[in-house]
Amino acid sequence: RGAGAMIHHMIKTKHGKNSTAQDNDNNYDYPTCGDCWCIPPDNNNDNSNSNCPDWSPVNTYPEELIAEYQELIPNVIYTLDCNPYHDASCTTQPPQQYIHEQAAVVCALKYTTPAAIMLNWDDAVSDGAIVTHMGACGLCSTTADLAAYMNNPDLESDSIICVTKGLLLSYDSGMQCFMEDIGLTEECANIWLLDGFHTTQKCTERCLKEVIEFNGTVVPANGDPPECTLSDCLQCDEDESGGIFTMFAGRNRRRSCLLSSIVRGCGEFTEIVHTSPDCSNDNDAADNLGGAMFDTGDLS
């Protein structure tokens with residue numbers, strides 16, 4: 001998830017000594033922490049990345065899969081007619097399930113009955129559902145939103161343009177940007193825009209201060225390894241808006257096992273490989289998914 005303040009155009013990933021990059025088919029270079037795609041725990045104050053996971057997220061998904069996800073329409077979606085950043089009693093319709101569970105919750109979909117929400121990975125597997133992201137389902141849990149995330153590797157920076165339009169022009173302009181330019185569904189676009197408005201209100205002063213400290217140059221999203229600490233601006237975004245966004249959106253890049261222009265902690269990722277619903281009867285494909293299997297059929 002990206003920062004929402006207008007000033008955040010100065011807070012971007014900077015490829016330098018704190019990061020190396022990987023090429024993908026979209027020619028997007030994802031930053032790293034030293035030689036690791038994520039921030040390893042207890043890195044022993046060196047750059048050896050000895051605690052880096054022995055796996056890494058898929059760098060690029062094929063266009064055919066993304067197009068397939070874009071076309072799937074769920075039977076049931078979550079909607080929001082309040083602002084959770086201003087109203088503590090705000091809930092989705094229907095109300096989300098398991099958002100306060102301490103156990104490892106996953107959002108899993110069945111392509112015959114896609115409203116399925118599973119409490120844990122094993123439940124999803126035994127019920128023949130596909131894990132689409134970690135955490136409870138929410139406003140951004142549709143496959144169309146997953147496709148938009150896949151299609152926009154620098155979603156954090158792209159979102160800033162939409163939030164800026166929402167701030168300077170109108171709410172509708174911001175929504176149009178998120179939906180038409182990025183490809184988010186209406187409900188997902190709404191929570192992204194509300195999040196951006198809130199972050200702008202809460203974090204602009206901290207972000208401006210950091211830009212001044214860097215003499216007006218681009219502020220790196222992460223510091224040097226081995227810590228690769230978030231910039232103060234992005235940390236403010238996490239502190240002030242991150243919890244609400246994650247709860248209501250359900251899907252973010254980390255929960256979906258997608259890399260981003262911000263390096264995150266390795267512990268925030270669970271290995272998920274997104275594949276076509278046509279693989280539902282392919283045992284090898286199911287094994288590659290860690291056992292999460294598809295049911296065939298349309299979402300309509």
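Please refer to the structure placed before this passage.
Quick notes on the rules
- Residues numbered from 1 in each chain as written.
- Predicted model: local features only at pLDDT ≥ 70, side-chain atom pairs only at ≥ 80, totals over all residues.
- Heavy atoms only, no water.
- Helix = DSSP H or I, 4+ residues; strand = E, 2+ residues; numbered from the N terminus.
- Disulfide = S-S within 2.5 Å.
- Buried < 20%, exposed > 50% of the residue type's maximum accessible area, 1.4 Å probe, protein only.
- Expected span 1.5 Å × (residues − 1).
- Patch = residues over 30% accessible without salt bridge, like charges linked within 9 Å, V, L, I, M, F, W, Y side chains within 5 Å.
- Areas by Shrake-Rupley, 256 points an atom, 1.4 Å probe, with all protein chains shown as cover.
- Salt bridge = Lys/Arg side-chain N within 4 Å of Asp/Glu carboxyl O.
- Phe/Tyr/Trp six-rings, centres within 6.5 Å; stacked < 30°, edge-to-face > 60°.
- Pairing = 2+ DSSP bridges.
- Axes fitted to C-alpha atoms, helices over the stretch in contact; angles between N-to-C directions.
- Parallel < 35°, antiparallel > 145°, perpendicular 65-115°, else oblique.
- Left-handed = near helix turned anticlockwise from the far one by under 90°.
- Contact = heavy atoms within 4.5 Å.
- Nonpolar A, V, L, I, M, F, W, Y, C, P; charged D, E, K, R; others polar.

Participant: How would you summarise the environment of isoleucine 262 if you had to cite specific residues and measurements?
Facilitator: With respect to the element layout, isoleucine 262 can be found in the loop between helix H7 (232-249) and helix H8 (283-288). Counting along the chain gives 106 residues from isoleucine 262 to glutamate 156, while the straight-line C-alpha distance between them is 8.3 Å.

Participant: Outline the state of the cysteines, supporting the account with residue identities and numerical values.
Facilitator: Going through the model one piece at a time under the given rule, you end up with nine disulfides. What pairs with cysteine 33 in a disulfide is cysteine 228, and their sulfur atoms sit 1.9 Å apart. Taking the torsion about the S-S bond as the criterion, the cysteine 33 to cysteine 228 disulfide, at about 95 degrees, is right-handed. Separated by 195 residues along the polypeptide, cysteine 33 in the loop between strand E1 (11-12) and helix H1 (63-71) and cysteine 228 in the loop between strand E4 (219-220) and H7 bring together distant segments of the chain. Cysteine 228 matches cysteine 33 in its accessibility class, with the two residues each being buried. A sulfur-sulfur distance of 1.9 Å marks the disulfide that ties cysteine 38 to cysteine 266. Note on the cysteine 38 and cysteine 266 pair: the S-S dihedral is about 90 degrees, so by sign convention the disulfide is right-handed. Taken as a pair, cysteine 38 in the loop between E1 and H1 and cysteine 266 in the loop between H7 and H8 lie far apart in primary sequence, 228 residues in all. By the burial criterion, cysteine 38 is buried, and cysteine 266 matches it. Free cysteine: cysteine 257, not disulfide-bonded; nearest cysteine sulfur from cysteine 38 at 9.8 Å.

Participant: Account for helix H4 (residues 155-168), naming residues and giving values.
Facilitator: Its 14 residues give H4 an end-to-end C-alpha distance of 20 Å, which sits within 8% of 20 Å, the value for a rise of 1.5 Å per residue. Buried residues of H4: Leu155, Glu156, Ser157, Ser159, Ile160, Cys162, Val163, Thr164 and Gly166, and no others.

Participant: Talk me through a nonpolar patch on the surface; I want residue IDs and the actual numbers.
Facilitator: Taken together, the side chains of Leu167, Leu168 and Leu169 present a nonpolar region at the surface, about 310 Å² in accessible area. With respect to the helices and strands, leucine 169 occurs in the loop between H4 and helix H5 (171-182).

Participant: Break down the packing of aromatic side chains for me, with residues and values.
Facilitator: Scanning the model with the defined rule gives six aromatic pairs in all. Plain terms: the ring middles of tyrosine 149 and tryptophan 192 are 6.2 Å apart, the flat faces sit at 85 degrees to each other, and that makes the pair edge-to-face. One end of the pair, tyrosine 149, is in helix H3 (residues 143-151); the other, tryptophan 192, is in helix H6 (residues 186-213), and 43 residues separate them in sequence. A single burial state applies to tyrosine 149 and to tryptophan 192, both of which are buried. By way of ring pairs, the aromatic residues Tyr149, Phe178, Trp192 and Phe245 are connected into one cluster.

Participant: Break down the pairing of strand E2 (residues 106-109) for me, citing the residues and quoting the values.
Facilitator: Of the two faces of E2, the one holding Val106 and Ala108 and the one holding Cys107 and Leu109 are both buried throughout. Bridging between E2 and strand E3 (residues 130-134) involves four bridges; their strand directions are antiparallel. The residue of E3 that forms the bridge with valine 106 is methionine 134.

Participant: Please set out the packing of H5 against H6 residue by residue, giving values where relevant.
Facilitator: Running from amino to carboxyl end, H5 crosses H6 at an angle of 125 degrees, the nearest separation of the two axes being 9 Å. The pairing of H5 with H6 is recorded here as oblique in orientation. Read as a crossing pair, H5 and H6 show a hand that is right-handed. Two secondary-structure elements touch here, H5 through Tyr171, Gly174, Met175, Phe178 and Met179 and H6 through Glu186, Ala189, Asn190, Trp192, Leu193 and Phe197. Class assignment for the residues of the contact of H5 with H6 results in eight nonpolar, two polar and one charged.

Participant: Lay out the environment of cysteine 188 with the relevant residues and their values.
Facilitator: Considering the arrangement of structural elements, one finds cysteine 188 in helix H6. Setting aside residues up to four positions removed in sequence, cysteine 188 forms contacts with Leu139, Cys140, Asp145 and Tyr149.

Participant: Tell me about H3, and name the residues and values.
Facilitator: Spacing of three or four residues puts side chains on the same side of an α-helix, whose turn is 3.6 residues. Across the nine residues of H3, eight count as buried, placing the element largely inside the fold. Those residues of H3 that sit buried are Thr143, Ala144, Asp145, Leu146, Ala147, Ala148, Tyr149 and Met150.

Participant: Which residues make up unusual backbone geometry, and what values go with them?
Facilitator: Cis geometry is adopted by the peptide bond preceding proline 94, which originates at glutamine 93 and carries an omega value of -10 degrees. Counting through the fold element by element, proline 94 comes out in the loop between H1 and E2. At the junction of proline 225 and proline 226, the peptide bond is cis and its omega measures out at 10 degrees in the coordinates. By secondary structure assignment, the location of proline 226 is in the loop between E4 and H7.

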